[in-house]
Amino acid sequence: MIKKHTQIKMNNNLTITIINILLNLIDVLCIVLPVLLSVAFMTIIERKQLAAHQRRVGPNIVGYYGLLQPFADALKLILKETIIPSQSNKVLFFLAPISTLIFSLLGWGIIPFGQGLALSDFSLGILYTLALSSLGVYGVLLAGWSANSKYAFLGSLRSTAAMISYELILSSAILIIILLTGSLNYNTIIEIQQSVWFIIPLLPVFIFYFIAILAETSRTPFDLQEAESELVAGFFTEHSSVPFVYFFLGEYSSIVLFSCITAILFLGGYNLPEVFVNNSIINLQSIILGLKTCIFCFFFVWFRATLPRLRYDQLIELCWLNLLPVCVAFIILIPSILVSFDLVPF
Amino acid sequence: MFFTQTLRSSYRYLQRQAHESPVIFYSCVIGAIGPVMVVTVPPIRERMGWRPAEIVPTSYPLPQRARTPVQGYEDQ
């Protein structure tokens, strides 16, 4: 009798665990699927916007207004033959695109889409984001090493050096926000910006921050690893078909992710200033965050359409000799203002 | 004469640095403003009537009476 009772209890526990796992998986899917969809649409937005900058029409054949173009592209890439270089390191060759995609998707786990609307309200959210952006370098490095190609290797070396250098600027800019808010949690940072968005008092810091995320996501004018005229396609020269799709998704996912993080850190995230009060039953917070994210996605493409690619020495010089001294100066100035006006948050 | 000369040469040096390496020069200027503010701003604020806020209590206040030594389990 006791044995039977214990058996039923164990079965119940197992059922509850399985239900919990399923619910968590549904939570994750609710974030990942829209993210992947937004990445797909980011590609068509980029092509349309670039076309508008250059006074062209852009893709307009597949679907209404060219909206189905990314799906056609994805289908084409998936149906292509996967070519694996015979002298490559096969395990690393496939591990690199997978790790790039996974690390860029993991960042979405702590993004608050509204009050209480996050997969995890992590108290060390910013550290988590910085750690993931550092890990993103490995995908590039592994891809360049494993392909056994000069172009891929050179591309990955350039990319690694640039990403590591600009991470310093990125961390310094974020450090200033941490000093202002006294918290590493995204929700706290958003709530503190209820009175004023950080982009207003911290405009110079925002400029450094944005330059740093352009370099972190390897976008123009810092896309040296993909310099077509020199390196074919950079670190993923040898990757084709599905591995290439993974790189592509990872790259665009990190663009959208960094735009979202910028909206959270500098534009008040899901909140609007208190003059706009939403008394309706509809929760508009996610839409507000989405619109703010779109602004920065627009900036990414705008810079691509406007700026020429920097030379490698210019890239490194800009980081270490120009941005870093100014960043250090602001790291000294802003806490000093807080101390002298008795505004230290902790 | 000596001080005028020194001041002038220092000014010329700073002018040259601002022209030759503006990033480093203005970074130093921005960075130097911080510590200067820490030293100068609080006295000015105090002179204008600012008083530091009371420290936020982190425990309950002690009662205003003599403390009696604890014998044993008085609360039971």
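Fair warning: this is a prediction, and the values are worked out from it, not measured in the lab. In this numbering scheme, every chain counts its residues from 1 along its sequence in written order. Working convention: letters from A go to chains and numbers from 1 go to ligands, in the order in which they are written. The predicted origin of the model limits local features to residues at a pLDDT of at least 70 and limits the giving and counting of side-chain atom pairs to 80 or more, whereas totals for whole chains, interfaces and linings rest on all residues. Excluding hydrogens and water, the side-chain values take into account all heavy atoms of the structure.

1. A short note on the interface of chain A and chain B
Filter applied, for reference: Contacts are residue-level and defined by heavy atoms, with any inter-residue pair within 4.5 Å sufficient. As used here, buried area is the combined drop in accessible area, with a 1.4 Å probe, of two parts when they are placed together. Polar contact is the term for a pair of N or O atoms within 3.5 Å; when the atoms are in protein, one must be able to donate a hydrogen and the other to accept it, and sequence-neighboring residues count only if both atoms are side-chain atoms.
Between chain A and chain B, the contact holds 14 residues from the first and 14 residues from the second. For the pairing of chain A and chain B, the buried interface totals around 1,100 Å² over both sides, and the portion due to carbon and sulfur atoms is 77%. By the criterion of area lost to chain B, the three top residues of chain A are Leu333(A), Ser340(A) and Phe341(A), representing 38% of everything that side buries. Viewed at the interface, chain B and chain A are joined by two residue pairs in polar contact (both at pLDDT 80 or more).

2. What to know about the packing of aromatic side chains
Test applied: Ring pairs shown here join Phe, Tyr and Trp side chains whose ring centres sit within 6.5 Å, with only the six-membered ring taken for Trp; geometry is labelled stacked below 30 degrees between planes, edge-to-face above 60, and tilted in between. Charge-over-ring contacts are defined here by two conditions on Lys NZ or Arg CZ: a distance within 6 Å of the ring centre and an angle within 35 degrees of the ring normal.
One pass over the full model with this rule turns up 24 aromatic pairs over all chains. Each residue in the set Phe206(A), Tyr209(A), Phe210(A), Phe266(A), Phe296(A), Phe298(A), Phe299(A), Phe300(A), Trp302(A) and Phe303(A) is aromatic and connected to the rest through ring pairs, giving one cluster. Over the ring of Tyr65(A) we find Lys48(A); its NZ or CZ atom is 4.2 Å from the centre of that ring. Its end group placed over the ring of Trp50(B), Arg45(B) keeps NZ or CZ at 4.4 Å from the ring centre.

3. Quick word on the UniProt feature "transmembrane region" (unreviewed entry) in chain B
Selection criterion: UniProt positions are given in the numbering used here, feature names are shortened, and annotations may be inferred rather than shown by experiment. Helix and strand labels come from DSSP, where a helix needs a run of H or I of at least four residues and a strand needs a run of E of at least two; each type is numbered from the N terminus.
The residues that UniProt annotates with the feature "transmembrane region" (unreviewed entry) are residues 23–41 of chain B. Structurally, residues 23–41 of chain B comprises 100% helix and 0% strand, and the distance from its first C-alpha atom to its last is 26 Å.

4. A short note on the environment of His19(B)
Residue and element names in this part refer to chain B. As a reminder of what qualifies: Note on exposure labels: buried denotes an accessible area under 20% of the residue type's maximum, exposed denotes more than 50%, and partly exposed covers the range between, all computed with a 1.4 Å probe on protein chains only.
Mapped onto the fold, His19 is located in helix 1 (residues 2–20). Classification of His19 as exposed rests on a relative accessible area of 65%. It is 17 Å that separates the C-alpha atoms of His19 and Arg8, two residues lying 11 residues apart in sequence.

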